[in-house]
Amino acid sequence: MSVVTVQLGQCGNQIGPELFSTVYRDSSEASPKTHRECSHERFFRENSEGVLVARSVLVDMEPKVISQAIARASKSGKWRYGEKAHFCQKQGSGNNWANGYCVHGPRHKEAVEDLVRKEVERCDRLAGIFAMMSVAGGTGSGVGTFVTQCLRDMYPQSFILNHLTWPYGTGEVIVQNYNSVLTLSRLYQLSDALVIHENDTVHKICSQLMNIKHISIGDVNKVIAHQLGSVLQPAYTEDSPSHYSRNPIGELLSSLVCHPEYKLLSLCNIPQMSQTSLAYSAYTWPGLLKHLRQMLIANARMEEGIDWKVCVPSSRGDSVRTGQMAFNRSLANLLILRGKDSSSADAGGFKDPGLYVPWLPPDGTFSLWNSSVPFNGYEKSASLVSNSQSLLRPLDNMVRKAWNMFVSRAYMHQYTKFGITEDDFLDSFTMLEQIISSYTQL
């Protein structure tokens, strides 16, 4: 089954080429052949010339963004984007969510829907739609939210998984918190789940783990693509222990989204390091899983600086507030192991009932996937996708900052002139406050 990716705005069209390059490079170097074939079927198709073409649609309101994405794909020499699988205009949304959602989205609705429909029709079977965008921009988040709404109407029975990039906490765009509130509140109702990467966290990974001195947007995007690829590449699941999963998005969602009120997914991957350090490093499964489990419960996004004092409460009934909210309660976790002896690694620490909410059955809270094929040059690697309280703090901070601006009516004219009313904002705040409350009370 194939996944159709929709790259939206500058953010989606920067991460997209990195993701396709990562999965292509990883699968092309993989053995056995079945792994490569499954990966290529999932992400690529062959054109009439026998060249691999990404199953992707590129959308932005500025031609430069699209041309740069196409150029990065062509530079690889191994795969490319479809010749007519992109849509662009000569006028952007100017970081204005309302302009993207209320003006550009409806104006170009039919053209974008037609591109997606053609790509879907090229799939023998559709596994789902993977939409990549920023949570805080104008075109990416405004148009992206409108496009997601259209996709839900077009494919009501298909899985839709959104990947969102969270802006830096001290971003340069003053209205980024407004944009984030409007994006999240709507996507939460439209998508089956939201996978979120925080720019601040990825920046720290580049600096502290990758040892990059002058960090560029490209460096950040490569780390995000690496982590996404570690989840989306073929693996054996509990439902398909003898052959690679044919329904990656469906099985991921069924493992993690056990209740429609809880759709926020975070992702971490270990180890991550520079290629220079990788050549001199060796890891064991017990060591990797010990660190990854502590990262989960202490809500650490990388293996440096973990608080080892945080521990799981003694019983499932204990308050989540034990340790002053230091313990990160989970609804569900998906662990993906790749590399030598991954099938025999002991992941029992992630089955501890104390990690999870008491109202879910223990057999519905943890899933384990594995593949003996190493990922992206790492002999052993582990990825954890978590539906937990890990995103509570950034979400709460964002809503608080946006509300402080809203009560003083700062910059509201930029939204009302395009059709977003104060009531729209109030509805969005209400929705997000409910999400915060639900996760806080786990």
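Residues numbered from 1 in each chain as written. Predicted model: local features only at pLDDT ≥ 70, side-chain atom pairs only at ≥ 80, totals over all residues. Heavy atoms only, no water.

1. Section: the overall build of the protein
What the protein contains, in helices and strands, is 15 helices and 13 strands. Rg of the C-alpha trace for the protein: 21 Å, near the compact-globule value of 22 Å for 442 residues, within the 12% margin. With the C-alpha coordinates aligned to their principal axes, the bounding extent of the protein is approximately 55 × 55 × 45 Å. The burial tally for the protein puts 60% of its 442 residues in the buried class. Of the contacts made within the protein by residues no fewer than 6 positions apart, 80% connect residues no fewer than 24 positions apart. On the protein, roughly 18300 Å² of surface is accessible, and the fraction owed to carbon and sulfur atoms is 48%. If you average the places of the 42 positive and of the 41 negative side-chain charges in the protein, the two averages end up 3 Å apart. (Helix = DSSP H or I, 4+ residues; strand = E, 2+ residues; numbered from the N terminus. Rg over C-alpha atoms; globule rule 2.2 N^0.38 Å. Buried < 20%, exposed > 50% of the residue type's maximum accessible area, 1.4 Å probe, protein only. Contact = heavy atoms within 4.5 Å. Areas by Shrake-Rupley, 256 points an atom, 1.4 Å probe, with all protein chains shown as cover. Lys, Arg positive; Asp, Glu negative; His and termini not counted. Charge placed at Lys NZ, Arg CZ, Asp CG, Glu CD.)

2. Comments concerning empty space enclosed by the protein
Evaluated as defined, the whole model comprises six cavities of 30 Å³ or more. Space inside the largest cavity adds up to approximately 100 Å³. Every residue along the wall of the largest cavity is listed here: I196, H197, E198, T201, V202, I205, Q227, S266, L267, R301 and L391. Elements represented by at least two residues in the lining of the largest cavity include exactly β9 (193-198), α8 (199-209) and β10 (264-270). Considered class by class, the residues forming the lining of the largest cavity number five nonpolar, four polar and two charged. Empty space within the second largest cavity amounts to approximately 80 Å³. As for the second largest cavity, its lining consists of F130, L161, V195, L228, V231, L232, L252, L267 and V385. Broken down by element, the lining of the second largest cavity gets its largest block of residues, three residues, from helix α9 (residues 217-232). (1 Å grid on protein atoms, 1.4 Å probe; cavity = no way out; pocket = protein on both sides within 12 Å on 5 of 7 lines; lining within 4 Å. Points joined across faces, edges and corners; volume = space filled by probe spheres on them. Nonpolar A, V, L, I, M, F, W, Y, C, P; charged D, E, K, R; others polar.)

3. Observations regarding unusual backbone geometry
Between I270 and the following residue, P271, the backbone shows a cis peptide bond with an omega angle of -5°. Mapping P271 onto the fold places it in the loop between β10 and α11 (275-278). Phi at R409 takes a positive value of approximately 60°, unusual for a residue other than glycine. With respect to the helices and strands, the residue R409 is situated in the loop between α13 (392-407) and α14 (413-416). Residue class for R409 comes out partly exposed when judged on its relative accessible area of 40%. Here Y411, not a glycine, exhibits a phi torsion of approximately 60°, which is positive. Structurally, Y411 can be placed in the loop between α13 and α14. Note on Y411: relative accessible area 34%, which makes it partly exposed.

4. Describing the sheet that holds strand β4 (residues 56-59)
Here we have ten strands laid out as an open sheet, ordered β6-β4-β1-β7-β8-β9-β10-β13-β11-β12, and mixed in their pairing. Looking at strand neighbours, the two that pair on one side only are β6 (86-87) and β12 (366-371), the edges of this open sheet. In the sheet, β10 pairs with strand β13 (residues 380-388) via five bridges, with the strands oriented antiparallel. Each bridged residue has a counterpart across the sheet, and for I270 the counterpart in β13 is A382. (Pairing = 2+ DSSP bridges.)

5. Some details on the layout of surface pockets
Its volume calculated, the largest pocket comes out at about 960 Å³. Along the wall of the largest pocket there are 34 residues; nearest its centre are E198, N299, S390, R393 and P394. Every element with two or more residues in the lining of the largest pocket is listed here: α7 (176-190), α8 and α13. For the lining of the largest pocket, the element with the most residues is α13, which contributes six residues. Split into classes, the residues belonging to the lining of the largest pocket amount to 13 nonpolar, 13 polar and eight charged.

6. Some points on the nonpolar core
Core analysis: the biggest nonpolar cluster contains 62 residues, and Y178, L184, L264, L395, Y415, F425 and Y439 have the highest contact counts within it. With residues near it in sequence (within four places) discarded, Y178 still touches A402, M405, F406, A410, Y411, M412, Y415 and F425. (Core = buried A, V, L, I, M, F, W, Y, C linked by side-chain atoms within 4.5 Å.)

7. Description of the pairing of β13
Most of β13 sits out of view: nine of its nine residues are buried. Alternating residues of β13 divide into K380, A382, L384, S386 and S388 and S381, S383, V385 and N387, and every residue in both groups is buried. Where strand β11 (residues 330-339) meets β13, nine bridges bridge the pair, whose relative direction is antiparallel. Bridging across to β13, N333 finds its partner in S386.

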